[in-house]
2 protein chains.
Amino acid sequence: MRASDRAYASLLEEIQGGVLAPGTVVGEVEQAARLGVSRTPMREAIGRLVADGLVRHQSARVLVVSGFDAADIRRLFEARRSFEETAARLAAARGESVVFAALAIAFEQAHPEHGILEADAYYALISRFDAAIDEAVDNAYLVHAMRTIRTHLARARRLARDNHERLVASVAEHALIARAIADGDAELAAHATHIHLHYALTSILDSISKGHP
Amino acid sequence: MRASDRAYASLLEEIQGGVLAPGTVVGEVEQAARLGVSRTPMREAIGRLVADGLVRHQSARVLVVSGFDAADIRRLFEARRSFEETAARLAAARGESVVFAALAIAFEQAHPEHGILEADAYYALISRFDAAIDEAVDNAYLVHAMRTIRTHLARARRLARDNHERLVASVAEHALIARAIADGDAELAAHATHIHLHYALTSILDSISKGHP
DNA sequence: TTCGCTTTTTGTGTATACGCTTTGAGCTAG
DNA sequence: CTAGCTCAAAGCGTATACACAAAAAGCGAA
């Protein structure tokens, strides 16, 4: 693995996880020394983070970790609704039915237990679903936009506490979306996606407002 | 201006203009020598082009200019419809009415003459319109996605010959979109955008199929 | 004490050297 | 004649040195 990839992965994880808080200055020499790489690969890693929107210019020469608040989450979901509703429609039209039928069954049979690992298992299943959507959509432009959204979504998930009831409901919502795609019902898939994202956003914003009274 | 920015701008223009044809290998040392910069800024420029999707990995070590054919244009417009319909809705809800009213008048009063410069004047007006949309949308995620689309759209425009009738029709379509946004009519703006993109895509694909018989 | 100027320092932008991997060409053996 | 192996060369990934610019700190004068 390349040093620039390791540096990028490390910084990405730290920003998504909140270890590097918004406003933290990201200096080439400082981060390069900390992560044990030279300036050249670190420079490339930082460039990618800037392109992602996770790091921004504070002034001409100083880079900082981007802020991320409730207003950003609203905008994120605004874009996400657009992208994922379109993706759901395209997947319904083009996706392989058996793939999404299998996913629908996986969601229908998933009964999240009260336990520490439930959220991990949930996110792993979501990840499989996302990959299936990406393949079915078969549109690099749209898939690229959705990947960028997911990068930022990881920050939103961290701000919101995982809530068991929400997880159970979300699994059911995904079952409906997957079933609609398997059935080739584009409108149902799009509207189910809209509803899912509505509840997801509401839940996240509720969680944040309650977490910071 | 930084050397990496100049290198990026030069390569971008050459790829968009077809000077660097799809499949052309993009080597660091070769391009650096050609454009008179060292490998370090050239590396950054190429990295940005890869992130844009204009350059892709052919094998592990060799980068080439991405291909761009009719199928890609279809996919491009598929994504573009999604992004720009959403943007039109948001602009209608949030945009400053006077800005789009002024743009509507500019489009309504624009009477493209038969002349060499008409296409340039048309694209300049479109550019003003795009900038107004970006500001009204006020959503970095969506705006970023649209900017990427525009980068690729420049390649599509080059493949299609500018057609006078199409330009006149397009100006009228934009007038309707701008008027709808100025009036705060989100649905009309979105549907007018859909229609505009339908005609734009049809025109481009027609132009290509006729240009390569 | 405060404002302004000068000097120093820190960090980015660029160039370049070095090492390793990969690819291609040429030679040899079957 | 073909296939495989070896060697060479070209290119990428990384490290580092140098230059320039901006910001901060220190000093001096009002």
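Structure: above.
Small disclaimer: the values here were computed from a predicted structure and weren't measured.

Conventions used here
Within each chain, residue numbers correspond to sequence positions counted from 1 in written order. Lettering of chains starts at A and numbering of ligands starts at 1, both following the order in which they are written. With the structure being a predicted model, the display of local features is reserved for residues of pLDDT at least 70 and the display and counting of side-chain atom pairs for 80 or more, all residues being used for whole-chain, interface and lining totals. Labels follow the DSSP assignment, with helices taken as runs of H or I lasting at least four residues and strands as runs of E lasting at least two, numbered in each case from the N terminus. What the globule rule says is 2.2 Å times the number of residues to the power 0.38, and the radius of gyration is computed from C-alpha atoms. Two residues qualify as a contact pair if the distance between their C-beta atoms, derived from the backbone, is within 7 Å. Polar here means any residue outside two lists: the nonpolar Ala, Val, Leu, Ile, Met, Phe, Trp, Tyr, Cys and Pro, and the charged Asp, Glu, Lys and Arg; Gly therefore counts as polar. All residues are tested the same way: a C-beta atom is placed from the backbone, and lying within 6 Å of a molecule or strand makes the residue near it. Here a nonpolar core is just a set of buried residues of the types Ala, Val, Leu, Ile, Met, Phe, Trp, Tyr and Cys, joined wherever their C-beta atoms sit within 7 Å. Counting other C-beta atoms within 10 Å of a residue's C-beta gives its exposure: the residue is buried at 20 or more, exposed at 12 or fewer, and partly exposed in between, where C-beta atoms are placed from the backbone. C-alpha atoms of residues with pLDDT of at least 70 in both copies form the basis for the least-squares superposition of the copies. Here a helix's expected span is defined as the number of its residues, less one, multiplied by 1.5 Å. Angles run from 0 to 180 degrees between N-to-C directions of axes, and those axes are lines fitted to C-alpha atoms, restricted for helices to the stretch in contact. Here a crossing is called left-handed whenever its near helix is offset anticlockwise from the far helix by less than a right angle, and right-handed whenever the offset is clockwise.

As for the overall build of chain A
Here is step 1: Helix and strand counts for chain A come out as nine helices and two strands.
Here is step 2: Going from N to C terminus, chain A has its helices and strands arranged as α-α-α-β-β-α-α-α-α-α-α.
Here is step 3: Taken over C-alpha atoms, the radius of gyration comes to 19 Å for chain A, in line with the 17 Å a tight globule of 213 residues would show.
Here is step 4: When the backbone C-alpha atoms are referred to their principal axes, chain A occupies close to 55 × 40 × 30 Å.
Here is step 5: Expressed as a percentage of contacts within chain A between residues at least 6 apart in sequence, the contacts between residues at least 24 apart total 76%.

A few points about the interface of chain A and chain B
Here is step 1: Chain A puts 18 residues into the contact, and the matching count from chain B is 18 residues.
Here is step 2: Looking at the side of chain A that touches chain B, the elements that each hand over two or more residues are helix H3 (39–52), helix H4 (70–94) and helix H7 (140–159) of chain A.
Here is step 3: Here the side of chain A that touches chain B gets seven residues from one element, more than from any other, and that element is H4 of chain A.
Here is step 4: Residues belonging to the side of chain A that touches chain B are distributed by class as follows: nine nonpolar, six polar and three charged.

A word on the protein's contact with DNA strand C
Here is step 1: Within the structure, DNA strand C sits among 16 residues, and Glu28 of chain A together with Arg2, Ala3, Ser38 and Thr40 of chain B are positioned closest to it.
Here is step 2: Counting only elements with at least two residues in the surface near DNA strand C, the list comes to helix H2 (28–35) of chain A together with helix H1 (3–16) and helix H3 (39–52) of chain B.
Here is step 3: Per element, the largest residue contribution to the surface near DNA strand C is three residues, and it comes from H3 of chain B.
Here is step 4: Across the surface near DNA strand C, the residue classes tally to five nonpolar, six polar and five charged.

Observations concerning the nonpolar core
Here is step 1: By size, the foremost hydrophobic cluster in this structure holds 71 residues, and its most contacted members are Ala91 and Ile181 of chain A together with Ala91 and Ile181 of chain B.
Here is step 2: The contact partners of Ala91 of chain A, leaving out residues within four places of it in the chain, are Ile133, Ala136, Val137, Ile181 and Ala189 of chain A.

Quick word on the relation of the copies chain A and chain B
Here is step 1: Between chain A and chain B, which share one sequence, the superposing operator has a rotation angle of 180° and an axial displacement of 0.0 Å; the RMSD is 0.0 Å. Expressed as an axis order, the relation between the two copies is that of a two-fold axis.

What about the protein's contact with DNA strand D?
Here is step 1: Surrounding DNA strand D, one finds 16 residues, the nearest of these being Arg2, Ala3, Ser38 and Thr40 of chain A together with Glu28 of chain B.
Here is step 2: Counting residues per element, the surface near DNA strand D draws most heavily on H3 of chain A, which supplies three residues.

A look at helix H9 (residues 186–211) of chain B
Here is step 1: Over its 26 residues, H9 of chain B runs 37 Å from end to end, which matches the ideal 38 Å to within 8%, given 1.5 Å per residue.
Here is step 2: Every buried residue of H9 of chain B is listed here: Ala189, Ala190, Ala192, Thr193, His196, Ala200 and Ile204 of chain B.

Focus: unusual backbone geometry
Residue and element names in this part refer to chain A.
Here is step 1: Phi is positive for Asp138, which is not a glycine, with a value near 55°.
Here is step 2: Position of Asp138 relative to the elements: it lies in the loop between helix H6 (118–137) and H7.
Here is step 3: Residue class for Asp138 comes out partly exposed when judged on the 15 C-beta atoms lying within 10 Å of it.

Focus on the packing of helix H4 (residues 70–94) of chain B against helix H7 (residues 140–159) of chain B
Residues and elements named next belong to chain B.
Here is step 1: Interhelical geometry of H4 versus H7 gives an angle of 145° and a closest axis separation of 10 Å. The element H4 and its partner H7 pack so that their crossing is left-handed. Side by side, H4 and H7 meet where Ile73, Leu76, Ala79, Arg80, Phe83, Glu84, Thr86 and Ala87 of the first sit next to Leu142, Ala145, Met146, Ile149, His152, Leu153 and Ala156 of the second.
Here is step 2: Partitioning the contact of H4 with H7 into residue classes produces 11 nonpolar, two polar and two charged.

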